[in-house]
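For reference, the chains in residue letters:
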Amino acid sequence: MNRNEILSSLKTNPEVSALIVGAGINGIGTYRDLTLNGVDTLLIDRADFCSGASAASSHMAHGGIRYLENGEFRLVREAVLERNRMIQNAPHIVSPLPTTIPMFKYFSGLFNAPLKFLGMLTKPSERGAVIIKLGLIMYDAYTGKTRTVPRHQFMFRNESLRRWPKLNPNIATTAVYYDGLISNPERLALEIALDAEAESPNARMLNYFNLAGAEKDSVILKDELTGESYTVRPKLLINATGPWIDVANRKMGISSRYIAGTKGSHVVVDHPELRAATGSNEFFFENKDGRIMWICPLYDRVLIGTSDIKIEDPDEIHCTDEEVEYFLELVTQVFPSIKVTKEHIIFHFTGVRPLGSSGAARTTGQYSRDHHIEELSGEQTKLSFPVYSLVGGKWTSYRAFSEQVTDKVLAFLGKSRQKDTTNLPIGGGRGYSTDANEQKRQIDGFAAWTGLDKERLQVLYSRYGTRAEAVATFINRSADEPLKFLPDFTRREIIFLVQHEKVMRLDDLLLRRTMLAMLGRLSKEIVQELADVLGDCMGWDAKRKNAEVLYTFDLLSDRHGVRL
Ligand SMILES: Cc1cc2nc3c(=O)[nH]c(=O)nc-3n(C[C@H](O)[C@H](O)[C@H](O)COP(=O)(O)OP(=O)(O)OC[C@H]3O[C@@H](n4cnc5c(N)ncnc54)[C@H](O)[C@@H]3O)c2cc1C
């Protein structure tokens, strides 16, 4: 169903079994699992899909090695297994990421972990090689026999410096272990949602659709694009609004304090020397005060983050000058001879981790990343349906969390599970091969039956995985031409995204359906040209197009430091 069809279906029949409010990765994961299991589900987001915390992550599918010292063994084990599944189910977007830890001491931190575990140490501190070795042994053990990624290795100083000549010569040793890189989280989340829609007639999803209020058996929703209000009557409501869970509950007359969010920022730099110095490795580095940061290769750019700062209002967040200075200063501790300045920054982003508010007084880095469901029955609220709030979690463990929620919903609805998502391929990861020969064979095949040339198909394959076939088929159905200011994209490729991937606003296209903004590829002309293509698809007049362009310029400048 397209947007208009969904809207008219809501008008004729407002009953829905499950209403999921919030289309971040947890809402989307739950949507897929529920609809696969035959539950008619409506998923809504007040903004675009995957535009909240899920668009602000460090791009890592990881177990979270440092959570071991907080005693979070269950979480780490689950996340390591889920990391492996992401690499297996979405290999076009998630790939093994060698991660290097430079260490300056051997023994530091040896007594910290037990003290932290016993709640006797609240300040983070530097960890030495021995404690990191113990953590990595456990981490490898959790990977089990699957061996989706190789085991960790330690390297002495000289060998490390031979491999990374720009690394700080004061290091004592380095360790290399493996996690996963989610190169494009926004696309991965969208593809999960599109899979649900393609698989199931019970699946309906709407972006720019806001939870406005609730009363007795009804929930009031507002179309943010037209201002029109709708009423739906769910059997149960899943509050998956991440950092906004308590705000969304308040809109329904429910008072809750489930979330204690912490803000995290990242910068993306265009710095060929730093990019070359990292090679294919991420550098996972600890400051002397125990704070963590990452320097991570992302295509031909470098992603640097992140901060962890307690905040009250998830709508009032910005990447501050202090955060930027902190990041740039820490890069010099890892690669002292490489000068990175503010001028190298091409994009920045900030988000709020929707962490649970429970737990003893701790530093922000020690807040639990685990997930749980807070359930309020109809008797506890003035509503006639239960509300499940999805608190906490990590991108990496979204599938396991969604499964937990789905099992609970199925039990409530008196249904049993028919399908599970453990080994379910995602979007363009279906049939995708990481083997170069097999990729070539697939691309040759797609070229033969879609008629598009192989070079172009190679580009589409790297962007969309095996979904490239559908994109190419669509492209070749009509005359096409490269965009004037962005010639590696064509007009019909953009039209495909608009028509098949629920693009409603210009920034959906620039920030989430493509990585143009994050990789610093935008210019005034490109934004204007894409607005023209989008506007033609949407039937916008010149005034509407212009308003969209101005809004996008403001958004890019205000939220991402991109001034065109
Ligand atoms: C800085 C940072 C770095 C991180 N790094 C990693 C990492 O490397 N690896 C990892 O595994 N995890 C990481 N995480 C954690 C992970 O990103 C989050 O736990 C996860 O994305 C939370 O997803 P969510 O669906 O619960 O929330 P969100 O993605 O925030 O989704 C909530 C959605 O609800 C919508 N919404 C809000 N109010 C309403 C309303 N009234 N009506 C309708 N919709 C509404 C919002 O628009 C939003 O899209 C990181 C998080 C941050 C912030």
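Data block above holds the structure.
The rules behind these values
Residues numbered from 1 in each chain as written. Predicted model: local features only at pLDDT ≥ 70, side-chain atom pairs only at ≥ 80, totals over all residues. Heavy atoms only, no water. Helix = DSSP H or I, 4+ residues; strand = E, 2+ residues; numbered from the N terminus. Contact = heavy atoms within 4.5 Å. Areas by Shrake-Rupley, 256 points an atom, 1.4 Å probe, with all protein chains shown as cover. Lys, Arg positive; Asp, Glu negative; His and termini not counted. Charge placed at Lys NZ, Arg CZ, Asp CG, Glu CD. Axes fitted to C-alpha atoms, helices over the stretch in contact; angles between N-to-C directions. Parallel < 35°, antiparallel > 145°, perpendicular 65-115°, else oblique. Left-handed = near helix turned anticlockwise from the far one by under 90°. Polar contact = N/O pair within 3.5 Å; in protein donor to acceptor, adjacent residues only side chain to side chain. Buried < 20%, exposed > 50% of the residue type's maximum accessible area, 1.4 Å probe, protein only. Pairing = 2+ DSSP bridges. Core = buried A, V, L, I, M, F, W, Y, C linked by side-chain atoms within 4.5 Å. Patch = residues over 30% accessible without salt bridge, like charges linked within 9 Å, V, L, I, M, F, W, Y side chains within 5 Å. Salt bridge = Lys/Arg side-chain N within 4 Å of Asp/Glu carboxyl O. Expected span 1.5 Å × (residues − 1). Arc of directions from axis to C-beta. Disulfide = S-S within 2.5 Å. Near = heavy atom within 4 Å.

Another point: the overall build of the chain. Helix and strand counts for the chain stand at 18 helices and 18 strands. In terms of its C-alpha atoms, the chain occupies a principal-axis envelope of roughly 70 × 60 × 45 Å. Taking the contacts inside the chain whose residues are at least 6 apart along the sequence as the reference set, 71% of them involve residues at least 24 apart. When the accessible surface of the chain is split by element, carbon and sulfur atoms take 52% of a total near 23000 Å². Averaging the positions of the 70 positive and the 70 negative side-chain charges in the chain gives two centres separated by 3 Å.

Attention shifts here to the environment of S557. Here S557 shows up in helix α18 (residues 542-560). Note: C-alpha distance between S557 and R46 (511 residues apart in sequence) is 21 Å. Non-local contacts of S557, meaning those with residues more than four positions away in its chain, are made with V562 and R563.

Two elements in contact, helix α12 (residues 436-450) and helix α14 (residues 468-475), have axes whose closest approach is 10 Å; the angle formed by their N-to-C orientations is 25 degrees. With respect to their mutual orientation, α12 and α14 come out roughly parallel. For the pair α12 and α14, the sense of crossing is right-handed. On α14, the residues that touch F446, W449 and T450 of α12 are E469, A472 and T473.

This brings us to the side chain of E82. Relative to the helices and strands, E82 resides in helix α3 (residues 73-89). Within the structure, the side chain of E82 is placed 2.9 Å from the side chain of R399, a separation counted as a polar contact. When neighbours within four sequence positions are excluded, E82 is seen to be in contact with T396, S397, R399 and A400.

Across the nine residues of strand β16 (residues 345-353), nine count as buried, placing the element largely inside the fold. Looking at chain direction, strand β11 (residues 262-269) and β16 are connected through eight bridges and run antiparallel. Across the sheet, residue V268 finds its bridge partner in β16, namely F347.

So, about the nonpolar core. Of all hydrophobic cores here, the largest spans 54 residues; its most connected members are F347, L457, L460, I494, L506, L522 and L530. When residues in this core are grouped by element, the largest group, six residues, is from helix α17 (residues 524-538). With residues up to four places along the chain from it excluded, the contact list for L522 reads L510, L516, A517, V527, L556 and L564. Counting residues in each nonpolar core, the second largest holds 41 residues, with C50, V94, L188 and A240 among its members.

Turning our attention to a nonpolar patch on the surface. Taken together, V130, L134 and I137 make up a surface patch of nonpolar side chains, about 240 Å² in accessible area. Along the chain, L134 falls in helix α5 (residues 129-143). Of the residues examined, L134 reaches a relative accessible area of 49% and is grouped as partly exposed.

Attention now moves to α18. Residues that lie three or four places apart on an α-helix share one face, since the helix turns once every 3.6 residues. Helix length check: α18 (19 residues) gives 26 Å between terminal C-alpha atoms against 27 Å at 1.5 Å per residue, within 8%. All of the buried residues along α18 are K545, E548, V549, T552, L555, L556 and H560. The arc that holds the buried residues of α18, viewed along the axis, is 130 degrees, so those residues lie on one side. Among the exposed residues of α18, those pointing more than 90 degrees away from its buried face are K543 and D554. Contact partners of the buried residues in α18: β16, α16 (506-513) and α17.

For helix α1 (residues 3-12), the full list of buried residues reads R3, I6, L7, S9 and L10. Projected down its long axis, α1 shows its buried positions confined to an angular sector of 160 degrees, all on one face. Among the exposed residues of α1, those oriented more than 90 degrees off its buried face are N4, K11 and T12. Close packing links the buried residues of α1 with β2 (41-44), β7 (203-206), β8 (209-215), β9 (218-223) and β10 (229-239). The N-terminus of α1 is capped by N2, whose side-chain oxygen sits 3.1 Å from the backbone nitrogen of N4.

What follows deals with the state of the cysteines. Here a disulfide denotes one covalent bond, and it connects the sulfur atoms of two cysteines. This structure, assessed with the given rule, holds zero disulfides. The thiol sulfur of C50 is not disulfide-bonded, and the nearest other cysteine sulfur, from C296, lies at 17 Å. Judged by relative accessible area, which is 0%, C50 ranks as buried. The cysteine C319 is free of any disulfide, with C296 supplying the nearest cysteine sulfur at 17 Å. A relative accessible area of 12% means that C319 is categorised as buried.

Now for the site of the ligand. Near the ligand lie 37 residues; those nearest to it are D45, S54, M60, G393 and T396. A distance of 2.8 Å separates an oxygen atom of the ligand from a polar backbone atom of A53. Residue S54 places a side-chain N or O atom 2.5 Å away from an oxygen atom belonging to the ligand. For the ligand, the protein covers 97% of the area, taking 1000 Å² as the surface of the free molecule.

Backbone torsion omega between G305 and T306 reads 0 degrees, so that peptide bond is classified as cis. Within the secondary structure, T306 sits in the loop between β14 (301-305) and β15 (309-310). Even without a glycine there, the phi angle at K502 is positive, about 55 degrees. Its location among the elements puts K502 in the loop between α15 (491-500) and α16. Judged by relative accessible area, K502 falls into the buried class, the value being 15%.

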